[in-house]
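Each chain, letter by letter, is given below.
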Amino acid sequence: MGTDTVHTPSADGAAELRREQRGWYFYDWACSVYSTSVLTVFLGPYLTSVAESAADAEGYVHPLGIPVRAGSFFAYSVSLSVIVAVLAMPLVGAAADRTGRKKPLLAAAAYLGATATTAMFFLDGDRYLLGGALLVVANAAQSVAMMLYNSYLPQIAPPEQRDAVSSRGWAFGYAAGSLVLVVNLVLYTGHDGFGLSESTAVRICLASAGLWWGAFALIPLRRLRDRRPTARGATLPGFRQLAATVRDMRRHPLTLAFLLAYLVYNDGVQTVISQASVYGSEELGLGQSTLIGAVLLVQVLAVAGALAMGRLARTYGAKRTILGSLAAWTLTLAAGYFLPAGAPVWFFVLAAGIGLVLGGSQALSRSLFSHLVPPGKEAEYFSAYEMSDRGMSWLGPLLFGVTYQLTGSYRDAIVSLVGFFVIGFALLARVPVRRAIAEAGNPVPDRI
């Protein structure tokens, strides 16, 4: 993105920034319902069941003539969507830089994703290819929109506010996810009373997430404002902009070291989010109502967890707080391997552990990275941050899918993700963040 940065605002300017911040929070409120209801809860088990109904006697489907286990189709579709997003993001980012019209591009990505999600209402029978295609479009559009959304953070919040603003954005998203999941739970569990089949109830839940996304995206699109492009941002198209940013990052190796650690452990986080419901339904034999309840618990605790970890960071520093969350992720995921089938209580315990560290680990990573960016290059580096993030986050779903394909065991697939958190912890622990902040040319906070 461009290279706008926040200077000390006047009273009127401060009021305008607060208005933009409140609008910014509402994009998380709008789009997180897709991540929660669609990607985390309903689509994985439902698309897997649709693929299984289309499978041959050996349990394989054959998209484009390629034999794929029906149980791996969802994970492979998530990986493909990430690859599409990575190809699109440099092009969209360069267009935003050249024109300075970030908001129309955010609108286009948001409404493309919302439309594809709403169209999931038509995913029935054995239409697994339609489901895969809609997932690729919706997830890629969501990734592009999040790149544009995150790049607003350094424009609307000065450095001392970013931990709080970032954490509030995550909290807004988890609150929306909780609210909509309650409605989903009522509809799904009472579908007979509403005169609906189970399949129809699931498809309504999927489509309603798209309608919610589109409706509430209007708020940030009214409140956020475009900034004038810089000449530098307008000169480099597409992947040349990303390459130039990466070359500039090589002059700040400690910033790159943090980014590498984040890419590794965040890949594990994203894969757990997208594959946990498949693990619960296929390996543990848990019903959809149990899964919805568990994810609802994650959402409620993630609101408190994001805000609590923000406070912990003020006491212990963001780096130590993130490291603590990665240790908790590792223990939680390892425990998941031993969960007994058909025991929802232990699955809820696992969900509680995930919820308490989920939002905070992501929010603090985003705000900590903002301190490692050279002054005047905040939005440009955040663009590379998001593109690099999505560039790695195909690996976890792919590993999950390949492990299941080779072993036929979702337990082996879920425990294979532990390595992302162990390696990410080791890489982050080696980053001297205070020196990294100083070498980036930023003031070093008292506690970081």
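Presented here is a report on the structure given in the accompanying data block. (Residues numbered from 1 in each chain as written. Predicted model: local features only at pLDDT ≥ 70, side-chain atom pairs only at ≥ 80, totals over all residues. Heavy atoms only, no water.)

Moving on, we get to the overall build of the protein. Across its full length, the protein holds 18 helices and two strands. Projecting the C-alpha coordinates of the protein onto the three principal axes gives extents of approximately 60 × 40 × 40 Å. Out of the 448 residues in the protein, the part that is buried amounts to 58%. Look at the contacts in the protein between residues 6 or more apart in sequence, and 84% of them connect residues 24 or more apart. In the form shown here, the protein has an accessible surface area of approximately 17,000 Å², with 65% of it arising from carbon and sulfur atoms. With 34 positive and 27 negative side-chain charges, the protein shows a spacing of 11 Å between the two charge centroids. (Helix = DSSP H or I, 4+ residues; strand = E, 2+ residues; numbered from the N terminus. Buried < 20%, exposed > 50% of the residue type's maximum accessible area, 1.4 Å probe, protein only. Contact = heavy atoms within 4.5 Å. Areas by Shrake-Rupley, 256 points an atom, 1.4 Å probe, with all protein chains shown as cover. Lys, Arg positive; Asp, Glu negative; His and termini not counted. Charge placed at Lys NZ, Arg CZ, Asp CG, Glu CD.)

Right, let's get into a nonpolar patch on the surface. Together, L80, I83, V84 and L87 make up a nonpolar patch on the protein surface, roughly 330 Å² of accessible area in all. Here V84 is to be found in helix α2 (residues 73-99). (Patch = residues over 30% accessible without salt bridge, like charges linked within 9 Å, V, L, I, M, F, W, Y side chains within 5 Å. Salt bridge = Lys/Arg side-chain N within 4 Å of Asp/Glu carboxyl O.)

Moving on to helix α17 (residues 418-429). For α17, with twelve residues, the first-to-last C-alpha span of 17 Å sits near the 16 Å given by 1.5 Å per residue. Among all positions of α17, only V418, F420, F421, G424 and L428 are buried. Down the axis of α17, the buried set is contained in an arc of 160°. They therefore lie on one face. Next to the buried residues of α17 lie α10 (253-283), α12 (318-337), α15 (395-407) and α16 (410-415). (Expected span 1.5 Å × (residues − 1). Arc of directions from axis to C-beta.)

Let's shift gears to a positive patch on the surface. A contiguous patch of positive charge on the surface is contributed by R18, R19, R22 and R222. If one sorts the elements of the positive patch by residue count, helix α1 (residues 11-54) sits on top with three residues. By secondary structure assignment, the location of R22 is in helix α1. Residue class for R22 comes out partly exposed when judged on its relative accessible area of 42%.

Turning next to unusual backbone geometry. Of note in this structure, L64 is not a glycine but carries a positive phi near 55°. Position of L64 among the secondary structure elements: in the loop between β1 (60-61) and β2 (68-69).

This part covers the packing of aromatic side chains. Under the defined criterion, the tally for this structure stands at 21 aromatic pairs. Note on F258 and F369: the rings are 6.2 Å apart at their centroids and 25° apart in plane angle, and the pair reads as stacked. Of the two residues, F258 is situated in helix α10 and F369 in helix α13 (residues 344-371); the sequence distance between them amounts to 111 residues. This pair shows no difference in class: F258 is buried, exactly as F369 is. (Phe/Tyr/Trp six-rings, centres within 6.5 Å; stacked < 30°, edge-to-face > 60°.)

Helix length check: α13 (28 residues) gives 42 Å between terminal C-alpha atoms against 40 Å at 1.5 Å per residue, within 8%. The axis of α13 is deflected most strongly, by about 25°, at V357. (Bend = angle between axes of the 7 residues up to and from the residue.)

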